[in-house]
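# Structural characterization, general
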Amino acid sequence: MRRIKSKQDRTVETACPLDCPDSCSLSVTIGDGRVTNLDGSHRNPVTDGYICAKVRRFGERVESPLRILHPAMRIGPKGNAAFSRTTWDEAIDLVASRMREARDTWGGESILPFSYGGSNGLVTQDTIDARLFRRLGASRLARTVCAAPTSAAAQALYGTMPSVTYHDYPHAKLIVIWGANPSVSGIHLVPFIQEARKQGAKLVVVDPRVTPLARQADLHVPIAPGSDLAVALALHRHLFETGAADQAFLAAHTRGADRLRERAAEWTFERAASVAGVQPAMIGEFAELYASITPALVRCGWGLERNRNGGSAAAAILALPAVAGKFGVRGGGFAMSNSASWSINRTWIGEDEPATRIVNMNHLGRILTEEVTPPVKVLFVYNCNPVATVPHQNLIIKGLERQDLFTVVFDQVMTDTAAFADVVLPATTFLEAYDLARAYGPISLQMVQPVVDAAGESQSNPEVFGQLLTALGLDDDTGTQGELGTLIQVLDQLPGTIGDDLRNGRSPAPAFGLTPVQFVDVFPRTPDEKVDLLPEALERESRVGLYRYLPDPATARYPLALISPSSDRTISSTLGELPRPEIALVMHPLDSHARGLEEGASVRIFNDLGEVRCTLSIEPTVRPGTVVLPKGLWRSSTINHSTATALAPDALSDIGAGACFNDSRVQVERIVS
Ligand code: SF4
């Protein structure tokens, strides 16, 4: 791969493809081949010249002492992160031979590729990698650790209809931020909310924590984790029973309204309040604001899905604008992921997916430790750090310690998962390779280009997966594509003129524009273009039926709900290696008083799955009965090298088979030395 090296300072335009809704355009200054400044550029009018503090430090990852610079093989016990340098040829030969051996002995399904969200770039994932694993007949991975319940709900109700984008928030007169904290993830939404507020919009925030937006809100509804469904159903009951439901809209544009009404009927404000741990009058006020103000916009976040009721909760929240008749006006409707707006079908993979075993990524620990047929013999991890991000950390570690498991980790830095690898392969960062960045809050698609030389011997995903295809004799007469070849192939196969626009430096837009009004510019992508308010598929999938509340899993032994929301430290777990202030468990003063704990105490947070040791921060920024550790921490962040995922059950949400991080129930006590 050719790279540019220059002693002179220069500034290069690129974009951020990391797992964040915003997809900033970036301006990167390079001096002597190094990143000397990384900031926002104005090319993307939504992100408009500023970026988060996380990526502002991305140059530190590029030059991190933890950077993997060469292929290497394990020389010590698994987990010790001791490796000996090898060549790319030797590493590719070894990985290919272990894959061949596993496939020939146990079948292709004994190979498990494991990837998620380390980059959302269209070139970095689901291109040559997918071709390789399909041709091997490998197990398929259900990428469910995030957004699976909300996506399943949105797909079933609306067929992934595009949603309201940031520019239209100022048109809303009521904004509901439900289970999201844009102040740390999706930061560019905040000024649009502020603008709406200046123009008189009311703000409601539904969150167990006092987030920065909750602090400014007209109404903060600090509900218990996992009770979102009860509150949403109480709003539906209110809409139906007070005549605020839009019967004309329901008749013309929906199916299933009567069944939704039946399921909501039992959810009085009192009942929902008893489940949610708030006053009935607060839910009543929320319901009245939503019923009476138009345009009203609900931002459905991802915090509300991470529990046993997550899919039903997302469906009930997404159904609100249909029942209340909030569509058809700019600033009204719902906002969620817009990743499906471009109708990209990944045709470039070039072949059908074989019907091999599907492994839910939330069950990585199980599949590695339980008796399954065939057993997983080769685990190939890329764009992902499951030890830090996937539930049941201790079971995953136990699986990674298996002596008969051959683990490959292809990553940029020595992650918690890479420490257990048999072979590590060095990957380029987004500042060292071509890619395409697709936003999922606003609607945008931008070119990502290398701005510095690839560090050490690091290579991009298409390059490495192409070499593996060749080594395994699985490439065809199209040959392996390499990085640029893959980029060109993806550009060629993007719908309409998108590829040409990107090639020619233009900003592409879907046919309906960048700021669609729901039920004016875009409509449900369901077979009859109607909103399905109680989809049969979801009804069947849920063990108890859609919109049926499953009770809180707290016990007398483990009474506290542990949540692990996004923080200003990491993007999922990316950048978790950077030095930060000490990690602390956040607890409400009532809970610390009940346990005789003082600020700064060393505590253990524990349940039957594990234990995390860290210091305590006592703050009234979280509701009583709920405690908080940040999402995406690396093991080095805590005293005992365990993080919140060690306490997270690997149970699955009601629909979408998503992770239930926020169903962690724990106890906290002082560490007695
Ligand atoms: S992580 Fe998000 S806010 Fe930060 S630079 Fe990337 S797109 Fe922008």
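Here the structure is a predicted model, which is why all the values come from computation and not from measurement. (Residues numbered from 1 in each chain as written. Predicted model: local features only at pLDDT ≥ 70, side-chain atom pairs only at ≥ 80, totals over all residues.)

Attention now moves to the overall build of the protein chain. What the protein chain contains, in helices and strands, is 21 helices and 26 strands. Rg of the C-alpha trace for the protein chain: 24 Å, near the compact-globule value of 26 Å for 673 residues, within the 12% margin. The principal-axis extent of the C-alpha atoms belonging to the protein chain is close to 70 × 65 × 50 Å. Here the protein chain, with 673 residues, has 58% of them falling under the buried criterion. (Helix = DSSP H or I, 4+ residues; strand = E, 2+ residues; numbered from the N terminus. Rg over C-alpha atoms; globule rule 2.2 N^0.38 Å. Buried ≥ 20, exposed ≤ 12 C-beta atoms within 10 Å, placed from the backbone.)

This brings us to the pairing of strand β26 (residues 664–670). Look at any regular strand and the pattern is simple: side chains alternate between the two faces of the sheet. By the bridge criterion, 3 bridges tie strand β21 (residues 560–563) to β26 in an arrangement that is antiparallel. Each bridged residue has a counterpart across the sheet, and for L560 the counterpart in β26 is V666. Examined bridge by bridge, strand β23 (residues 602–607) and β26 share 4 bridges and lie antiparallel to one another. By the bridge assignment, F606 is partnered in β26 with Q667. (Pairing = 2+ DSSP bridges.)

Contact pair helix α4 (residues 128–136) / helix α17 (residues 461–471): the axes reach a minimum separation of 8 Å and the direction vectors enclose 25°. In terms of orientation, α4 lies roughly parallel with respect to α17. Between α4 and α17 lies a crossing whose hand is left-handed. From α4, I128, D129, R131 and L132 reach across to α17, where they touch N461, P462, F465, G466, L468 and L469. Of the residues belonging to the contact of α4 with α17, the class tally is 6 nonpolar, 2 polar and 2 charged. (Axes fitted to C-alpha atoms, helices over the stretch in contact; angles between N-to-C directions. Parallel < 35°, antiparallel > 145°, perpendicular 65-115°, else oblique. Left-handed = near helix turned anticlockwise from the far one by under 90°. Contact = placed C-beta atoms within 7 Å. Nonpolar A, V, L, I, M, F, W, Y, C, P; charged D, E, K, R; others polar.)

Before going further, it helps to examine the sheet that holds strand β9 (residues 202–206). One open sheet holds the 5 strands; their spatial order is β10-β9-β8-β12-β13, and the pairing between them is parallel. Both outer strands of the open sheet, β10 (219–221) and β13 (333–335), are each paired with one neighbouring strand and no more. The mean angle between the axes of side-by-side strands here comes to 15°, regardless of whether they run parallel or antiparallel. Direction of pairing for strand β8 (residues 174–178) relative to β9: parallel, over a ladder of 5 bridges. Residue pairing across strands places L174 opposite K202, the latter belonging to β9. Of the strands in this sheet, β8, β12 (296–300) and β13 are in contact with helix α13 (residues 310–324), which crosses β12 at around 160°.

Let us look at the site of the ligand. Surrounding the ligand, one finds 13 residues, the nearest of these being C16, C20, C24, C52 and V55. Looking at the shell around the ligand residue by residue, the classes come out as 9 nonpolar, 2 polar and 2 charged. (Near = placed C-beta within 6 Å.)

Once that is clear, we can look at helix α6 (residues 189–198). Those residues of α6 that sit buried are L189, F192, I193 and A196. In an axial view of α6, the angular spread of the buried residues amounts to 100°, which keeps them on one side of the axis. Next to the buried residues of α6 lie β8, β9 and α7 (212–216). G200, located one to two residues past α6, shows a positive phi value of around 100°. (Arc of directions from axis to C-beta.)

By the bridge criterion, 4 bridges tie strand β18 (residues 435–438) to strand β19 (residues 445–448) in an arrangement that is antiparallel. Within the sheet, the bridge partner assigned to L436 lies in β19 and is M447. The turn linking β18 back onto β19 is made up of 6 residues.

The next thing to look at is the domain arrangement of the protein chain. Domain boundaries assigned for the protein chain yield domain 1 (10–62), domain 2 (72–145 + 346–441 + 451–503), domain 3 (149–339 + 522–541) and domain 4 (560–670). A straight line from the C-alpha centre of domain 2 to that of domain 3 covers 37 Å. (Domains from an automatic or database assignment.)

Our focus in this paragraph is unusual backbone geometry. Look at the link from T294 to P295: it is a cis peptide, with omega at -5°. In this structure, P295 sits in the loop between α12 (280–292) and β12. A cis amide bond, omega -10°, links T373 with the succeeding residue P374. By the element assignment, P374 lies in the loop between α14 (364–369) and β15 (378–382).

Attention now goes to the nonpolar core. Soluble globular proteins tend to bury their nonpolar side chains together. Within the largest apolar cluster, 178 residues are counted, with the highest numbers of intra-cluster contacts made by I175, V231, A272, I317 and L318. When residues of this core are assigned to their parent elements, the largest contribution, 11 residues, is made by α13. With sequence-adjacent residues up to four places away left out, A272 is seen in contact with A230, V231, L233, A234, W267 and I283. One finds V55, V448, A455 and L575 within the second-largest nonpolar core, a separate group that totals 38 residues. (Core = buried A, V, L, I, M, F, W, Y, C linked by C-beta atoms within 7 Å.)

A few words on the environment of A172. With respect to the helices, strands and loops of the structure, A172 is situated in the loop between α5 (148–158) and β8. On a C-alpha basis, the gap between A172 and F519 in space is 16 Å, while along the polypeptide they are 347 residues apart.

Time to look at the packing of helix α8 (residues 228–241) against helix α10 (residues 257–264). Across the interface, α8 lies against α10 with an axial gap of 8 Å and an inter-helix angle of 115°. The angle between α8 and α10 places the two elements in the roughly perpendicular class. The element α8 and its partner α10 pack so that their crossing is left-handed. Across the interface between the two elements, L233, H236, R237 and F240 from α8 touch L260, R261, R263 and A264 from α10. Residue composition of the contact of α8 with α10, grouped by class: 4 nonpolar, 1 polar and 3 charged.

One open sheet holds the 3 strands; their spatial order is β1-β2-β3, and the pairing between them is antiparallel. The sheet terminates laterally at β1 (10–15) and β3 (34–40), the two strands that pair on one side only. Ignoring which end each strand starts from, the neighbouring axes of this sheet average 25° apart. Strand direction decides the pairing type here: β1 and strand β2 (residues 25–31), joined by 6 bridges, are antiparallel. Residue V12 lies in a different strand from β2, and its bridge partner there is V28.

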